[in-house]
Amino acid sequence: MRHRVVVLALDGVLPFELGIPQRIFGRALGAGPQDAGRELYEVVTCSVRPPGPVRTDADFSILVEQGPEALATADTVVVPASYTLGPVHEEGRLTGELAAALAHIRPGTRLVSICTGGYVLAAAGYLDGRPATTHWASAEHFQRLFPEVRVDPNVLFIDDGDVLTSAGVAAGIDLCLHIVRRDHGSAVANDVARRTVVPPHRDGGQAQYVRRPVPERRSATTTAARAWALGRLEQPILLRDLARQESMSVRTFTRRFRDESGISPGQWITRQRVERARHLLECSDLSVDQVARDAGFGTATSLRQHMQAALGVSPTVYRRTFRARAAAR
């Protein structure tokens, strides 16, 4: 059976955020020999009231055909942002109607919020004692209203196991892609990203997008250097070689690269190598030593150190965990 995602549409919901789960989860297709092309998720939308219209923050309403009972069937519940949360936003408490709807959620259901949808999870007590994030402009108010929550305003999303929260708007895409990657591996998530024409992983955090001037338009970028590096991750890559691909000095290249990606060239290369290693661990039977060489880390020790730093697990544990999830599915 497909994993069932139920999206809770509240009055004042933002149409963009409401559409993210369907767009991301609805495009996730199996990639293995036994489930190639199979839809991996079923996405349904429900309201806190019986089926009927739900107002959005735009000049139209949407017709929702499922009532709150649908929440009882969810494997994952997603709460998108709304600008008319009333007592939830102003006092940190649920309305009776919303509390009754959330009571349908079964214990163990994965909970996800997009942007200010986190207010709903916090008001319901799901975030007490947990790390969480929300839109940077609401983070200070969120923390005052819910002092038991450990708010981090600098990240795009937070994965705390069975409860996941995202920052504003497009960060919901980042979080949903992360969930697909966690559930089914990087190959499936990368395919969804390609279909959606978005990056499979955005580097940096909300701070990159807060009150920063738009870089002056330049004819020269670092795109060619990145493409060149991706084609030779298993080989040593020096900063001067990257700069040479763009006919820039090392200093100019480094500055341009940071402007475009938010991180240094070295950090970017390490992340690409970790992604390469993840893919090889998921999709091949290569030894850890060979994965380390093919990903550009050279030795198994170096690979273990970098995967531990990036993911918190060793290559062997990552492979075992991923395959156990695949077997369970």
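We now turn to the structure provided with this report. Source: prediction; values computed, not measured.

## Topic: the packing of aromatic side chains
Right, on to step 1. The final tally for this structure, using the stated rule, is 6 aromatic pairs.
Right, on to step 2. Considering the side-chain rings of Phe 142 and Phe 146, the 5.2 Å spacing of their centres and the 55° angle between planes classify their relative orientation as tilted. This pair shows no difference in class: Phe 142 is buried, exactly as Phe 146 is.
Right, on to step 3. Ring geometry for Phe 253 and Phe 257: centres 5.7 Å apart, planes at 45°, overall tilted. One end of the pair, Phe 253, and the other, Phe 257, are both in helix H10 (residues 250-261), 4 residues apart, so they sit about a helical turn from each other.

## Section: the sheet that holds strand E10 (residues 163-166)
Right, on to step 1. Read from one edge of the open sheet, 6 strands run E2-E1-E5-E6-E10-E9, paired in mixed fashion. With one partner strand each, in any of the chains shown, strand E2 (41-46) and strand E9 (157-159) form the two edges of the open sheet. In this sheet, neighbouring strand axes are inclined to one another by 15° on average, regardless of whether the strands run parallel or antiparallel.
Right, on to step 2. Pairing of strand E5 (residues 76-79) with strand E6 (residues 110-113), which is carried by 4 bridges, proceeds in the parallel orientation. Within the sheet, the bridge partner assigned to Val 79 lies in E6 and is Ser 113.
Right, on to step 3. Where helix H1 (residues 15-25) meets the sheet, it contacts strand E1 (3-8), E2 and E5, and its direction lies at approximately 165° from that of E2.
Right, on to step 4. Packing of helix H6 (residues 171-184) onto the sheet brings it into contact with E2, E6, E9 and E10, and relative to E10 it is tilted by some 150°.

## Quick word on the side chain of Thr 165
Right, on to step 1. You can see Thr 165 is positioned in strand E10.
Right, on to step 2. Judged by relative accessible area, Thr 165 falls into the buried class, the value being 1%.
Right, on to step 3. A polar atom in the side chain of Thr 165 sits 3.0 Å from the backbone nitrogen of Thr 133.
Right, on to step 4. Setting aside residues no more than four positions away along its own chain, Thr 165 makes contact with Ser 113, Leu 127, Ala 132, Thr 133, Phe 157, Ile 158 and Leu 175.

## Overview of the side chain of Glu 246
Right, on to step 1. The topology assignment puts Glu 246 in the loop between helix H9 (239-245) and H10.
Right, on to step 2. In this structure Glu 246 touches Thr 221, Thr 222, Thr 223, Ala 224, Ala 225 and Phe 253, once residues within four positions along its chain are discounted.

About the criteria used
Residues numbered from 1 in each chain as written. Predicted model: local features only at pLDDT ≥ 70, side-chain atom pairs only at ≥ 80, totals over all residues. Heavy atoms only, no water. Phe/Tyr/Trp six-rings, centres within 6.5 Å; stacked < 30°, edge-to-face > 60°. Buried < 20%, exposed > 50% of the residue type's maximum accessible area, 1.4 Å probe, protein only. Helix = DSSP H or I, 4+ residues; strand = E, 2+ residues; numbered from the N terminus. Pairing = 2+ DSSP bridges. Axes fitted to C-alpha atoms, helices over the stretch in contact; angles between N-to-C directions. Contact = heavy atoms within 4.5 Å. Polar contact = N/O pair within 3.5 Å; in protein donor to acceptor, adjacent residues only side chain to side chain.

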